[in-house]
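Descriptive analysis of the structure
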Amino acid sequence: MSESRYVPAAGRAALTGVYDTVVALTMRERRWRPLLAQRLSAGTPPGGLVVDVGAGTGTLAVAIATARPDARVIAVDGDPRALALARRKEGAELVEWREGLAGALDLAGGSTDTALMSLLLHHLDRDAKLAALRDVRRVLRPGGALQVADWGRPQDPLMLAAAGALQIVDTAAGIRDHLAGRVPQLIRDAGFTRVERYARLRTGWGGLELLEAA
């Protein structure tokens, strides 16, 4: 993530403590998080390595580690407050928590079977998006896949209005490419050759898309 301006999971540091509650109430997480976790789990071989980049408060990392006790799950985030919340969750002992930034992963090239970026990319400007995606591509093994959950192009005026409210909380510059539908192309520009959108959901903050890239 860009060193010039680190953006915490909730957009503002003061909101980190209520991030899980806000997501639960406004983003239909019981619908999309199981879809994402199922897709990720299906693509991870027995004993494989999963890396959650920008793991935030760790809900998904814990869910994946619980569902796949055979896998090694590493969760990386740049916010020590979010990681502190994550480490207190039930099942947190199944995850290896690391403080670090997207775009500078402390992992060997070709070492990772599956990577995850959930609600991370919209915090980054375009250059930082590309740097983070390229670094994930570097650490993925041949045949490995990246799972992305993030905002996409609004499909109707209501979702456009919801996305406008999101920009007040988060960074408008980071979300611009998402609202224009440019994220799949940015993923390709980072070196991925296949990008598939397998779900699109309406939420209180706009249209959320689930993507798989390899």
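Residues numbered from 1 in each chain as written. Predicted model: local features only at pLDDT ≥ 70, side-chain atom pairs only at ≥ 80, totals over all residues. Heavy atoms only, no water.

**Section: the pattern of salt bridges**
Taken as a whole and judged by the stated rule, the model has 15 salt bridges. A salt bridge links Arg39 to Glu196; the shortest N-O distance between them is 2.6 Å. Here Glu196 lies in strand β6 (residues 195-203) and Arg39 lies in helix α2 (residues 29-42), a separation of 157 residues in the sequence. The class for Glu196 is partly exposed, based on a relative accessible area of 30%. Here Arg72 ties to Glu96 by a salt bridge, and the two come within 3.1 Å at their closest N and O atoms. Within this pair, whereas Arg72 is found in strand β2 (residues 72-77), its partner Glu96 is found in strand β3 (residues 95-99), the two being separated by 24 residues in sequence. Taking relative accessible area as the criterion, Arg72 reaches 42% and is therefore assigned partly exposed. (Salt bridge = Lys/Arg side-chain N within 4 Å of Asp/Glu carboxyl O. Helix = DSSP H or I, 4+ residues; strand = E, 2+ residues; numbered from the N terminus. Buried < 20%, exposed > 50% of the residue type's maximum accessible area, 1.4 Å probe, protein only.)

**Some details on the sheet that holds strand β5 (residues 140-151)**
Ordered by their spatial adjacency, 7 strands build an open sheet running β3-β2-β1-β4-β5-β7-β6, and the pairing between neighbours is mixed. At either margin of the open sheet sits one strand with a lone partner, and together these are β3 and β6. When strand polarity is set aside, the average angle formed by the axes of neighbouring strands in this sheet is 15 degrees. α2 contacts β1 (49-53), β4 (112-118), β5, β6 and β7 (206-213) of the sheet and is inclined by roughly 165 degrees relative to β6. Against the sheet, helix α4 (residues 80-87) touches β2 and β3, its axis set at about 165 degrees to β3. (Pairing = 2+ DSSP bridges. Axes fitted to C-alpha atoms, helices over the stretch in contact; angles between N-to-C directions. Contact = heavy atoms within 4.5 Å.)

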